[in-house]
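# A closer look at the structure
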Amino acid sequence: MLLAALCCLPLIEFGREGLHGWSELVVYPEAFRVQRSHIDAAGVLHEWDDELIGESWDSGPLILSWADVQADIADPHAGFCVAVHEMAHKLDALDGAMDGTPPLPREWQRQWAHDFQQHYDQFCARVDAGHETAIDPYAAEAPEEFFAVVSEYHFSAPHVLEQEMPVIAAHLRRLYGTFTARE
Ligand SMILES: [Zn+2]
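Let me sum up the structure you'll find in this document. The model shown is predicted, which means the values in this text are computed figures rather than measured ones.

Before going further, it helps to spend a moment on the sheet that holds strand β4 (residues 54-56). Read from one edge to the other, the open sheet built from three strands follows the order β1-β5-β4, with strand pairing classed as mixed. Both outer strands of the open sheet, β1 (25-28) and β4, are each paired with one neighbouring strand and no more. Adjacent strand axes in the sheet meet at a mean angle of 15°, parallel and antiparallel pairs treated alike. When β1 meets strand β5 (residues 62-65), the two strands line up parallel, connected through four bridges. Bridge pairing in β5 places Tyr 28 opposite Ser 65. Where helix α2 (residues 66-74) meets the sheet, it contacts β1 and β5, and its direction lies at approximately 70° from that of β5. Strands in contact with helix α3 (residues 82-93) are β4 and β5; relative to β5, the strand with the most contacts, it is inclined by about 165°.

Another aspect to go through is the side chain of Asp 72. Looking at the element boundaries, Asp 72 is found in helix α2. One buried charged side chain, Asp 72, makes no salt bridge at all; its nearest oppositely charged neighbour is Arg 36, positioned 17 Å away.

This next bit is on the layout of surface pockets. Each pocket or cavity is described by its volume, and for the largest pocket that value is around 440 Å³. Along the wall of the largest pocket there are 22 residues; nearest its centre are Ile 53, Gly 54, His 85, Glu 86 and Tyr 138. Sorting the residues of the lining of the largest pocket by element identifies β3 (45-52), β4, α2, α3 and α5 (143-156) as the ones contributing at least two each. Considering each element in turn, the lining of the largest pocket owes the most residues, four residues, to α3. Across the lining of the largest pocket, the residue classes break down as nine nonpolar, four polar and nine charged.

Definitions and cut-offs
- Residues numbered from 1 in each chain as written.
- Predicted model: local features only at pLDDT ≥ 70, side-chain atom pairs only at ≥ 80, totals over all residues.
- Heavy atoms only, no water.
- Pairing = 2+ DSSP bridges.
- Helix = DSSP H or I, 4+ residues; strand = E, 2+ residues; numbered from the N terminus.
- Axes fitted to C-alpha atoms, helices over the stretch in contact; angles between N-to-C directions.
- Contact = heavy atoms within 4.5 Å.
- Buried < 20%, exposed > 50% of the residue type's maximum accessible area, 1.4 Å probe, protein only.
- Lys, Arg positive; Asp, Glu negative; His and termini not counted.
- Salt bridge = Lys/Arg side-chain N within 4 Å of Asp/Glu carboxyl O.
- 1 Å grid on protein atoms, 1.4 Å probe; cavity = no way out; pocket = protein on both sides within 12 Å on 5 of 7 lines; lining within 4 Å.
- Points joined across faces, edges and corners; volume = space filled by probe spheres on them.
- Nonpolar A, V, L, I, M, F, W, Y, C, P; charged D, E, K, R; others polar.

Spelled out as structure tokens, the structure:
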């Protein structure tokens with residue numbers, strides 16, 4: 001019940017089409033390992049393990065570590081919420097491309113893509129230069145991670161996001177509604 005509520009937070013404004021294409025929520029007791037493999041340009045197979053606290057598959061389940069969900073709830077204003085993070089990936093992937101832009105009306109999507117690209121580039125430059133950032137530097141991993149991480153701030157530390165990136169904060173208020181966690 002708690003998990004369903006957390007996962008639906010990002011859908012209050014967006015609506016239930018945000019759940020399109022998948023139905024399964026898998027919960028592991030704690031962080032879990034997944035095997036990764038990649039064949040590089042030279043044809044060499046690389047295999048490694050990743051430790052994850054959440055994962056969102058294209059048209060597959062959303063997977064969460066219960067220990068990490070509980071840690072988010074224990075410290076709800078810290079800017080972390082793995083359930084919201086993975087749901088942002090689900091929304092992002094709805095238009096067939098996981099690229100940091102969810103399906104939106106045309107005009108808004110154009111503005112969104114422009115603003116997110118600009119802020120993502122600026123953020124990456126600051127992280128690359130070794131600057132401390134108020135937003136988790138994981139957001140510099142990729143445009144889709146940037147969207148997922150700022151979504152976590154929208155719900156759990158909106159004042160930090162408003163201060164750091166007011167333009168992004170405004171897009172997220174429009175996407176998710178103005179619900180904010182109680183102080
Ligand atoms: Zn992610």
